[in-house]
Each structure stands twice: as C-alpha cells, then as structure tokens.
Amino acid sequence: MKVIGLISGTSMDGITGALTDISGDEKLSVELLSYETTPYPDKLKEEVMSLTEGGDVESLCKANYEVGEQFARAAEALRASSEHEPELIGSHGQTVCHLPPADDRKETYTLQIGEPDVIAERTGITTIADFRVRDVAAGGEGAPLIPYMDFKIFQSESTSRASINLGGIANVTYLPAGGTLEDVIAFDTGPANMILDHLVRDLTNGEKEFDEGGEMAGRGKVKDQLLSWLMDHPFITKKPPKTTGRKHFGKAFSRKVLRKGGKLGLNDEDLLATVTAFTAESLRYNLDEYLGPVEEIIIAGGGAKNDTLVAELEARTNLPIKTTADFGIPPEAKEAIGFAIMAYETYHGRPSNVPGATGARKFVKLGKISPGGR
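Predicted model only: the values in this text are computed from it and were never measured.

Draft legend 1. Expanded view of the overall build of the chain. Of the regular secondary structure elements, the chain holds 15 helices and twelve strands. Its C-alpha radius of gyration of 20 Å places the chain within 12% of the 21 Å reference for a compact globule of 374 residues. Here the C-alpha coordinates of the chain stretch approximately 60 × 50 × 45 Å along the principal axes. Taken over 374 residues, the chain has a buried fraction of 57%. Counting contacts in the chain only where the partners sit at least 6 residues apart, residues at least 24 apart contribute 70% of the total.

Here it is as structure tokens:
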C-alpha cells in the first residue's frame, strides 16, 4: 500500500512528506519511495509559532485551516514528483500546545492543527490524523509515538539499542535485545534544537535560523557553571513517562538562558557550545538513570546533522553512534515515515501506540479518518 506520511515538528523547519510502500501485518515491510520538505510561508510560520506561546481562538481556528492547506500542498508536491499513486495519508499536523501532567493537575492536554478534512478534500486521498488524542484518552501522554516505528524497524535480537530523535525536543526509545513491544521504553529527555534555534535567531538578529552543522558552537567552549544550571531543570531528572515542549523549553526559557549567559560573561560561541552540551548531557543522564544496558545509539532528526552535538553525545555516552541512514532511512524523513506506518496500522484496524512510552493503560488504535473522494 502506498502511504504518505506528513509531519511538521516543534522546530517548524517545514512540512516533511514521505511516500512509502508498506505491506504486512505482524511483520511490516516498509520501503521509502521518495521524500521532501516543503517550507512554511514565512508569515504562516510566524503566526503558528506565536500560537505556541499564546493567542486567541480566532487565530487558532484560521491557522488550523491554513496549515491544512499547506499539508495538502506538501502531499500534492510529493505525489507530482513520483510515479507512484498514494492510497492513504497519515498526517501528524502541527503541535501548537502539549501539556503533560503537572504539579497542579493530573490530566494531559494536547492539540495538533492542520485540518485533515482539508487535506482529504484537496488531495482526494483518505487521510488519518490527530494520532495523539486517543492515547491521551487511554491515560497516556500522547507522546512519544515514534517508538512504534522504532520497534518495527530497529529492533534487534542481539543488540540493545537506544533510538534517539534530535528534533526541537530530544526523545529516546529503548529497544532491549530480543525484546517485545511490551518491553519498549520511550520518553522525552529534554531539548535538542529548540533552545539552540531560538538563541541563534536572537544572537544573529534573525540572519540565521539555526547553527548549521554546529559550526558556531564548535568554536566555543563548554562552561560548567551554565551547564550545571541547565541540568538543574526539574524536567531533566523527572522519572518517565514524561513529555515536554515549548512550555518548558520555548522562547521564554531561551531568553532566560540568554540572560544567564550574559550574567556569566559568556560570548556567543561559548553560550551555544554549552547549550549544545546540555542536550548531550541530559540524554546521557536519562540513558544512565532510566534505561537498561545500551550497546548502540541510532540518531535521527535535524540534530543528526549537527556535528558538534553528535560529537558531544558520543563523548559523553562513550557509545557507538549510527544514524538511521545506516538502515536506509534518511534522518530527516524518519518521523514522516513513522506517521505513514501509524496510518497504515489504523487503516487495518490495529493499535500503534506503545504504553511503555506514553503511560497509556492499554494499546489503542490511533487517529481520526477523513475519507477521500477517490
């Protein structure tokens, strides 16, 4: 079955679409046929980014439809560039709010926009979206969801692996050697690119969106005083299951980091080097504290292209690091492929959440179906 997966992550770099060919049931065969990333129009990106920090209902309603239009265009662009005709779309949408349990409440609330009925109407292809909510209704945090794909693709009978996604937020999936889906553990560990991207935009007055290749951080030195202060953030040491987002590590926290760096007299490169090390150190801490033995790390996401971050992670964990490209999956396409897989499973009436990752009471079928016209 030809399935398109669509996602825009917390960094909002653009909408990544992956056209896949999936078959099987208990054991899946997944082939990536093509993929591409469609940037958001600048104005829409600004509007959606502002909604993650606050906003009004009218703006939220409008953005839901406009993001849906953009996701439909991304799917159409992918179809136009391929000789294959997609039969199904799985859309993660764009997260604008994710509120896991906190001290003042037990509930989780999550909201992804990008109206799936718009996608289905524009493309004519049946679209499955809004995957997180059913897991939340079953007592989970609605995240992370990619561990299902991790298990289906990267599980090994002989090697215990940690599959790490370095997007706006860093998360890890633990795949013990020879384990079953019930043995999988996964959770967010803290920020990956989110704080770095905010800092780079502020430090360059908007001339740069991110630290390409970790080049700026690579010229700096890690400052222990700031790193210790960052590691004192309560989310880092919180026991899983746990998820996070812009509420903890968005613009407000990034500005706080910038002020702290100023008080400590750090130059721009040292500030970025230390925040880059924070991602690696928070990952190391969580791997050591909450997982069993790890023999190999597999990375994906935009951070996989940050050479300074990858070097810090390798040095601090003292583990061999591969990317998903070593398994035939481009790091930037991994999550889009994951939502194609989830859509395929839902279409066939099968659950695709991982209770050991989200904290849900049970396995459930994810997403809402918007029938296509074809």
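So that's the structure; there's more coming.
Draft legend 2. Main features of empty space enclosed by the protein. Applying the stated criterion across every chain yields a total of one cavity of 30 Å³ or more. Among the residues forming the lining of the largest cavity, the class breakdown is two nonpolar, two polar and three charged.

Draft legend 3. Highlighting the pairing of strand E7 (residues 161–166). With six of six residues buried, E7 is to be regarded as a mostly interior element. Here E7 shows no split at all, with Arg161, Ser163 and Asn165 on one side and Ala162, Ile164 and Leu166 on the other all buried. One ladder, built from six bridges, connects E7 with strand E8 (residues 169–175); its direction is antiparallel. The residue of E8 that forms the bridge with Asn165 is Asn171.

Draft legend 4. Region of interest: the packing of helix H5 (residues 147–154) against helix H14 (residues 334–347). Here H5 crosses H14 at 95 degrees, and the two axes come no closer than 9 Å. Taken together, H5 and H14 sit at an angle that is classed as roughly perpendicular. Within the contact between the two elements, H5 uses Tyr148, Met149, Asp150, Lys152 and Phe154 and H14 uses Lys334, Ile337, Gly338, Ile341 and Glu345. Taken together, the residues that form the contact of H5 with H14 break down as five nonpolar, one polar and four charged.

Draft legend 5. Broad picture of the nonpolar core. In this structure, Ile164, Ile297 and Ile299 are the most contacted members of the largest nonpolar core, which totals 47 residues. Broken down by element, the residue count for this core peaks at ten residues, all from helix H12 (residues 268–290). Ranked by size, the runner-up nonpolar core spans 35 residues in total, among them Ala333, Ala340, Ile341 and Ala360.

Draft legend 6. Just the environment of Leu291, in detail. Here Leu291 shows up in the loop between H12 and strand E10 (296–300). Here the alpha-carbon distance between Leu291 and His198, two residues 93 residues apart in the chain, equals 30 Å.

Definitions and limits used
Residues numbered from 1 in each chain as written. Predicted model: local features only at pLDDT ≥ 70, side-chain atom pairs only at ≥ 80, totals over all residues. Heavy atoms only, no water. Helix = DSSP H or I, 4+ residues; strand = E, 2+ residues; numbered from the N terminus. Rg over C-alpha atoms; globule rule 2.2 N^0.38 Å. Buried < 20%, exposed > 50% of the residue type's maximum accessible area, 1.4 Å probe, protein only. Contact = heavy atoms within 4.5 Å. 1 Å grid on protein atoms, 1.4 Å probe; cavity = no way out; pocket = protein on both sides within 12 Å on 5 of 7 lines; lining within 4 Å. Points joined across faces, edges and corners; volume = space filled by probe spheres on them. Nonpolar A, V, L, I, M, F, W, Y, C, P; charged D, E, K, R; others polar. Pairing = 2+ DSSP bridges. Axes fitted to C-alpha atoms, helices over the stretch in contact; angles between N-to-C directions. Parallel < 35°, antiparallel > 145°, perpendicular 65-115°, else oblique. Core = buried A, V, L, I, M, F, W, Y, C linked by side-chain atoms within 4.5 Å.

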